[in-house]
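Now for the letters of each chain:
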Amino acid sequence: MFGNLDRKAGKRVWLPLVFVLFFITVAASPLWEGTAAKAASSGVKIRYNGKTHKNKSKKMTVKYNSKTVSKKSYKALIIKKYYMVSYADVFKKGVKASCKYSKNKKSLKISKNGVSIKMKVGSRTAKINGKKSTMPVAPLSVRYVSKKKTKILVPVNYIAKALHLSYEKSGSAIRLKAPLHLSYDGNTVYYTGTQGKIYYNHKTYSLATMPVIKISGTWYMPAEETIDNILNLKYEYNSSTGKLTFTNEDLNLAFTCQNGSAQATLNGSPVTLSAPVRQIKNLDKKSSVLCIPAAGVLKQLNYARGWNKSNKYYTIQSKQFFSWKEEMTKEQKADTEKNYLYAMTAAYSEQSGIGSVDIKLSGSSQEIMKTLTVRRNGSLITVTVPKSSYLLNKNQFSNFGEIVNKLAVTSKEDTVTLSLTCDGTAEYSYIIQNGVLELNVLRAYGGAVSAAATGSLSIPKPENVTIANVTNEDLYSSHKFKVIIAGNHLEFFQNHPIVINDNSVKGITVSASGSNTVITVTTSSLRGYKIYEKEDSFTVSMGAPGKIYSAIVVLDPGHGGIDPGATNKGTDEKDLTFKILYTLMKQYTSQNAPDIKVYWTRTSDTYVTLADRAAFAKSVDADAFISLHMNSASSSSANGTEVYYSVSNNSKSFGGITSKKMANLFRNKLLADLQLKNRGTKTAGYYVTKHNTVPAILIELGFISGSTDYNKLTNSAFQQKAAKSIYDGIVNMFKKYPTGR
């Protein structure tokens, strides 16, 4: 049975009195008290224009420069399709705008940043610096009934933007931000665009003099702070001549900062930038900052670069970290018994979204270089080269950024060791050819360079292993999944790392479990996945579930945990629904690359609220929802199958299916396969079907209280047939009503 205990009066096997008393006790606990309070506060009773309304809109906290300025009881409310706030709380006290309100005239004036807005309660007509403007909704005098308080509410988006404040709606907050009061090119502006940081070699740098800003489609950053303090290049600026120069050992980039010129010279040759260098004044700070066009300058300096929209920072990545080399003597060149390490370079590269620190180590003996070993122990990657001598006069470097924290070289007797301390467990690959070790330390970088990531893992394939030896387990509730390979292959994976090509991957562990090797992948969010076999590897394609699977269904084993459902002869409904819909169903849904993906609302004997069950479908991109229950009645003569749907959730969905069509399809399938009595397709307002976002049905498979049904429902062979029937019904449904993906 489903939901409330009195769902079918007179046809319910009541729970034991102790269970009811448990619920009474729990209901009085702080946890339930909080839930009740939340339900009670879901709507705010307000009165305006002579009418009382129960406002159930999403209430938003308002923040100004990251500080909360709306009062807890007077958050932003949607009135007439627009978020409205108290002008006194948000703009007068929070934003510190000049505000004057005349109670007699019902007129309001708000002024800030050189802008004056005049308006009247009840009128959409406003004047901005004397010029008429139409507001999306009129200011309102609103009475908060329970608080016995009246406030003047104004449309927050309209007022904020008119005052040159940036406006952003995110989660449960409306974020307002003061503009930058700037002057450049002879103009004074209130800049309300994005203000960014710098992300250099995978470390974030805040900017003190001027944030990264966008002017006429070009990103600008402060010249001295970026070039000198962050990139560590030599910076020279002569304010008298307007000459600006950046130099290092290999380049000399010079500008003449005047007349809006975008011309420069690179090592003496003329080049043209994407935009001119600009002198930008911050009128609030009373400071002037020389700013460079980011893309144009960084291109000439040979950096990888790009804007990261989600993190709001400008990414700068070195293409070359270092290049060390020493000439060998004639004696060293002629020595065939020893290997001399005479050159090492480190550079950055990226391909298909995978960022890599590429280290090349050159030795004089091809044969000895072939005997070197590369090992990983946690975050440490070690290269051991025997019978070798290290000739370079530099032996450490620590400015790689996120992947590698430090490289250090040590020599002991005739063995040279390179130690790379990584930021976490970095993946690596390497090849030795022509006396050169090329070691690639990999990780799918955040930032602009990873935007092209295809969303996959490449798992090297151990010898004699095929896809037939691979299974998987989706731990989606904890954002993990396991790839399980028969046999112990721990040593193999120490030398053949898994390559990550998806920036949602937070970590990978390889462990032994019995006679299997288990690869556990942890992701930052719910990810769908499919495992395919290639010639020398297994590829795991990953992405949002709706983009990976052609069809997705949520299965909901009714009841669970403290809610046993209906009972008879010591058998609980929750155990029957779980065994059929989860324990026995799993065998049909464990493919490595399924077209139809199944998610369950519970995977153990736990209590899940009705609201969470219904909401779960949306969270996993589901196409359909099926809840399984066992019926019950006061008379044992009641037997048979019923399938329910809600008329409130019966609109056409994928392939033209509706909840009613879905209910009929499964009722007919179950009756044909299980030979149960037909009690029909019915309608009811059960929470999980009514409040779902996809076509949803509730199957009452049979009566746990029934004289004939009980023996069937508790029979293992029948349970197996029921699970197979429901799964076949799912396959038939998506075949008849394809999702189109």
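Structure's up top.
Values in this document were obtained by computation on a predicted structure and should not be read as measured data. (Residues numbered from 1 in each chain as written. Predicted model: local features only at pLDDT ≥ 70, side-chain atom pairs only at ≥ 80, totals over all residues. Heavy atoms only, no water.)

### Considering the overall build of the protein chain
Scanning the protein chain from N- to C-terminus turns up 16 helices and 57 strands. Seen through its C-alpha atoms, the protein chain measures out along the principal axes to roughly 100 × 90 × 45 Å. Going through the 741 residues of the protein chain one by one, you find that 50% of them count as buried. In the protein chain, the share of contacts with a sequence separation of at least 24, taken over all contacts with a separation of at least 6, comes to 62%. When the accessible surface of the protein chain is summed, it comes to about 35400 Å², and 47% of that surface belongs to carbon and sulfur atoms. Across the protein chain, the mean location of the 101 positive side-chain charges is 20 Å away from that of the 49 negative side-chain charges. (Helix = DSSP H or I, 4+ residues; strand = E, 2+ residues; numbered from the N terminus. Buried < 20%, exposed > 50% of the residue type's maximum accessible area, 1.4 Å probe, protein only. Contact = heavy atoms within 4.5 Å. Areas by Shrake-Rupley, 256 points an atom, 1.4 Å probe, with all protein chains shown as cover. Lys, Arg positive; Asp, Glu negative; His and termini not counted. Charge placed at Lys NZ, Arg CZ, Asp CG, Glu CD.)

### What about the sheet that holds strand β21 (residues 218–222)?
Spatially, the six strands line up as an open sheet ordered β17-β16-β27-β28-β21-β20, and their pairing is antiparallel. The sheet is open, and its two edges are formed by β17 (187–191) and β20 (213–215), each paired on a single side. Direction aside, the axes of adjacent strands within the sheet are offset by 40° on average. Relative to strand β28 (residues 287–293), strand β27 (residues 278–282) runs antiparallel, the two being bridged by five bridges. Residue pairing for β28: isoleucine 280 is matched across the bridge by valine 289. In this fold helix α5 (residues 223–230) packs onto β21 and β28, with an angle of close to 65° to the strand it touches most, β21. (Pairing = 2+ DSSP bridges. Axes fitted to C-alpha atoms, helices over the stretch in contact; angles between N-to-C directions.)

### Let's talk about the pattern of salt bridges
The full count for this structure, using the stated rule, is 14 salt bridges. With a shortest N-O distance of 3.1 Å, lysine 151 and aspartate 89 are connected by a salt bridge. Separated by 62 residues along the polypeptide, lysine 151 in strand β13 (residues 149–155) and aspartate 89 in helix α3 (residues 87–94) bring together distant segments of the chain. Of the two residues examined, lysine 151 and aspartate 89, each falls in the buried class. Of the charged contacts, one joins glutamate 642 and arginine 679 as a salt bridge, the two residues approaching to 2.7 Å between their closest N and O atoms. On the criterion of sequence distance, the pair formed by glutamate 642 in strand β55 (residues 641–645) and arginine 679 in strand β56 (residues 678–683) is long-range, its members being 37 residues apart. Overall, the relative accessible area of 2% leaves glutamate 642 in the buried class. Via salt bridges that share partners, Glu642, Arg679 and Lys682 belong to a single interconnected network. (Salt bridge = Lys/Arg side-chain N within 4 Å of Asp/Glu carboxyl O.)

### Focus on α5
Within α5, burial applies to Ala223, Glu225, Thr226, Ile227 and Ile230. Positioned one or two residues after α5, asparagine 232 has a phi angle of 60°, which is positive.

### Section: unusual backbone geometry
In this structure, asparagine 113 is a non-glycine residue whose phi angle is positive, near 55°. Looking at where asparagine 113 falls in the secondary structure, it is placed in the loop between β8 (107–112) and β9 (115–120). One non-glycine residue, aspartate 621, adopts positive backbone phi at about 60°. Structurally, aspartate 621 can be placed in the loop between α12 (610–619) and β54 (624–631). In this structure aspartate 621 comes out as partly exposed when scored by relative accessible area, which is 32%.

### Describing the packing of aromatic side chains
Tallied over the full model, the rule gives 19 aromatic pairs. Summarising the aromatic geometry, the rings of tyrosine 87 and tyrosine 101 are spaced 6.1 Å apart at their centres and angled 45° between planes, so their arrangement reads as tilted. Remark: tyrosine 101 occurs in strand β7 (residues 98–102) and tyrosine 87 occurs in helix α3; sequence separation between them is 14 residues. Judged by relative accessible area, which is 30%, tyrosine 101 ranks as partly exposed. Members of the aromatic cluster, joined through ring pairs, are Phe321, Phe322, Trp324 and Phe397. Across the ring face of phenylalanine 538, the terminal group of lysine 461 is positioned such that the distance to the ring centre comes to 5.7 Å. The residue whose ring lies beneath lysine 597 is tyrosine 599, and the NZ or CZ to ring-centre distance is 5.2 Å. (Phe/Tyr/Trp six-rings, centres within 6.5 Å; stacked < 30°, edge-to-face > 60°. Lys NZ or Arg CZ within 6 Å of the ring centre and 35° of its normal.)

### Comments concerning helix α16 (residues 716–736)
With 21 residues, α16 extends 30 Å from end C-alpha to end C-alpha; this agrees with the ideal 30 Å at 1.5 Å per step. Residues of α16 that are buried: Phe718, Gln719, Ala722, Ala723, Ser725, Ile726, Tyr727, Gly729, Ile730, Met733 and Phe734. Two to three positions downstream of the cap, the backbone nitrogen of alanine 717 sits 3.0 Å from a side-chain oxygen, assigning the N-cap of α16 to asparagine 715. (Expected span 1.5 Å × (residues − 1). Polar contact = N/O pair within 3.5 Å; in protein donor to acceptor, adjacent residues only side chain to side chain.)

### Quick word on the side chain of glutamate 642
In terms of polar contacts, glutamate 642 uses its side chain to reach the side chain of tyrosine 644, at 2.7 Å. Only 2.9 Å separates the side chain of glutamate 642 from the side chain of lysine 682, close enough to count as a polar contact.

### Digging into the pairing of strand β30 (residues 313–318)
Most of β30 sits out of view: six of its six residues are buried. Going residue by residue along β30, you find Tyr313, Thr315 and Gln317 tucked away on one face and Tyr314, Ile316 and Ser318 tucked away on the opposite face as well. Summarising the sheet, strand β18 (residues 197–200) and β30 pair through four bridges and their orientation is parallel. Bridging across to β30, lysine 197 finds its partner in tyrosine 313. Of the pairings in the sheet, the one linking strand β29 (residues 303–308) to β30 comprises six bridges and is antiparallel in character. Bridge pairing links tyrosine 303 to serine 318 in β30. Where β29 folds back on β30, the antiparallel hairpin that results is connected by four residues, among which lysine 312 adopts a positive phi of roughly 55°.

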